[in-house]
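Structural characterization, general
These are the residues of each chain, in order.
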Amino acid sequence: GQQVMQIPQYQHVQEGEDFTTYCNSSTTLSNIQWYKQRPGGHPVFLIQLVKSGEVKKQKRLTFQFGEAKKNSSLHITATQTTDVGTYFCADLNSGGSNYKLTFGKGTLLTVNP
Amino acid sequence: DTEVTQTPKHLVMGMTNKKSLKCEQHMGHRAMYWYKQKAKKPPELMFVYSYEKLSINESVPSRFSPECPNSSLLNLHLHALQPEDSALYLCASSQGRRDYGYTFGSGTRLTVV
């Protein structure tokens, strides 16, 4: 099946530094979703990207979908300790009326205060 | 109500036990999901229910048996599990359409001894 590759696996930053995680697919993605999972927590939906070249912002978070819809990125400006967690991209495959969300391996972000 | 509620939060069971995990949502979502998550790994899809019917089974062993009694409830019956089945079991729900994210419950942390 379709797989989404996510890099880096880990990222440690000083508070105030920027952070970016990338997702790549060998095939065209119909849409991509981003989730955050805090340590000991559960995935929380952040955003969905659908259109080629789409850019969406949520405060310090910027999400991009590539022009070919084969890659996506999440950029956090000026990280804070509250940003700690694992960020997953997820590909929403559709087959008829069924929807199947498949997660990338995730990027674990740690922030040194 | 914008939550998915899972019970119990923690479960320790022996390999000969039978237990059930429960999941409930009152958001009117028509699709419900079971995911399994091992430590430091992404969630892996197990089952999808759409309009109370099982629509996807990701080749899950028969010792895991899902049940959807109605549109708000989802159960996962466990029987004769193995220690390697120890994991965080996440329930999620969604509108079952492409333009919405999934809402995850806080999970049941299962230990098989």
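Anyway, here's the lowdown on the structure attached to this text.

Definitions and limits used
- Residues numbered from 1 in each chain as written.
- Chains lettered and ligands numbered in written order.
- Predicted model: local features only at pLDDT ≥ 70, side-chain atom pairs only at ≥ 80, totals over all residues.
- Heavy atoms only, no water.
- Pairing = 2+ DSSP bridges.
- Helix = DSSP H or I, 4+ residues; strand = E, 2+ residues; numbered from the N terminus.
- Axes fitted to C-alpha atoms, helices over the stretch in contact; angles between N-to-C directions.
- Contact = heavy atoms within 4.5 Å.
- Buried area = accessible area lost by both parts, 1.4 Å probe.
- Salt bridge = Lys/Arg side-chain N within 4 Å of Asp/Glu carboxyl O.
- Polar contact = N/O pair within 3.5 Å; in protein donor to acceptor, adjacent residues only side chain to side chain.
- Nonpolar A, V, L, I, M, F, W, Y, C, P; charged D, E, K, R; others polar.
- Buried < 20%, exposed > 50% of the residue type's maximum accessible area, 1.4 Å probe, protein only.
- Phe/Tyr/Trp six-rings, centres within 6.5 Å; stacked < 30°, edge-to-face > 60°.
- Disulfide = S-S within 2.5 Å.

Regarding the sheet that holds strand E7 (residues 64-70) of chain B
All names here are of chain B. What the four strands build is an open sheet, ordered E1-E3-E8-E7; its pairing is antiparallel. Here the strands that pair on one side only, and so sit at the sheet edges, are strand E1 (4-7) and E7. The mean angle between the axes of side-by-side strands here comes to 20°, regardless of whether they run parallel or antiparallel. Relative to strand E8 (residues 73-79), strand E3 (residues 18-25) runs antiparallel, the two sharing seven bridges. Bridged to Glu24 within E8 is Leu73.

Notes on the interface of chain B and chain A
In this complex, chain B contributes 24 residues to the contact, which on the side of chain A involves 20 residues. Approximately 1,800 Å² of surface area, both sides summed, lies buried where chain B meets chain A, with 55% of it carried by carbon and sulfur atoms. Looking only at chain B, the three residues that lose the most surface to chain A are Arg98, Tyr102 and Phe104 of chain B, adding up to 35% of its buried area. Where chain B touches chain A, the interface holds one salt bridge. A salt bridge links Glu58 of chain B to Lys100 of chain A, with the shortest nitrogen-to-oxygen separation between them at 3.0 Å. Here chain B and chain A share five residue pairs in polar contact (both at pLDDT 80 or more) between them. For the side of chain B that touches chain A, the secondary structure elements donating two or more residues are strand E4 (31-37), strand E5 (44-50), strand E6 (53-57) and strand E9 (87-94) of chain B. Tallied by class, the residues present in the side of chain B that touches chain A amount to 12 nonpolar, seven polar and five charged.

Let's talk about the pattern of salt bridges
All names here are of chain A. In this structure the tally under the stated criterion is four salt bridges over all chains. Between Arg60 and Asp83 there is a salt bridge whose closest N-O contact spans 2.9 Å. Separated by 23 residues along the polypeptide, Arg60 in the loop between strand E6 (55-58) and strand E7 (61-65) and Asp83 in the loop between strand E8 (71-76) and strand E9 (85-95) bring together distant segments of the chain. Judged by its relative accessible area of 23%, Arg60 is partly exposed.

Regarding the environment of Lys100 of chain A
Along the chain, Lys100 of chain A turns up in strand E10 (residues 98-103). Setting aside residues no more than four positions away along its own chain, Lys100 of chain A makes contact with Asp91, Leu92 and Asn93 of chain A together with Leu45, Ile56, Glu58 and Tyr102 of chain B. Among the polar contacts listed, one links the side chain of Lys100 of chain A to the side chain of Glu58 of chain B, at a separation of 3.0 Å.

A word on the packing of aromatic side chains
Aromatic ring pairs are defined here through the distance separating the ring centres and the angle between the ring planes. Overall, the coordinates contain 12 aromatic pairs over all chains when judged by the stated rule. Ring geometry for Trp34 of chain A against Phe63 of chain A: centres 6.5 Å apart, planes inclined by 55°, an arrangement best described as tilted. One end of the pair, Trp34 of chain A, is in strand E4 (residues 32-37); the other, Phe63 of chain A, is in strand E7, and 29 residues separate them in sequence. Taking relative accessible area as the criterion, Phe63 of chain A reaches 0% and is therefore assigned buried. Three or more aromatic residues joined by ring pairs form one cluster here, namely Tyr35, Phe45, Phe88 and Phe103 of chain A together with Tyr33, Tyr35, Tyr102 and Phe104 of chain B.

Considerations on the state of the cysteines
Following the criterion strictly, the structure yields two disulfides over all chains and no others. For Cys23 of chain A, the disulfide goes to Cys89 of chain A, at an S-S distance of 1.7 Å. The sign of the -95° torsion about the S-S bond sets the Cys23 of chain A-Cys89 of chain A disulfide as left-handed. A residue pair is termed long-range when its members are at least 10 positions apart, and Cys23 of chain A in strand E3 (residues 19-25) and Cys89 of chain A in strand E9 qualify at 66 residues. Like Cys89 of chain A, Cys23 of chain A is buried. Disulfide pairing is shown between Cys23 of chain B and Cys91 of chain B; the S-S distance is 1.9 Å. Between Cys23 of chain B and Cys91 of chain B, the disulfide has an S-S torsion of -70° and is therefore left-handed. Taken together, the positions of Cys23 of chain B in strand E3 and Cys91 of chain B in strand E9 put the pair 68 residues apart, joining distant regions of the chain. Among the cysteines around Cys68 of chain B, which has no disulfide bond, Cys23 of chain B carries the closest sulfur, lying 9.2 Å off. You can call Cys68 of chain B buried: its relative accessible area is 13%.

Distances and angles like these do not, on their own, reveal function.
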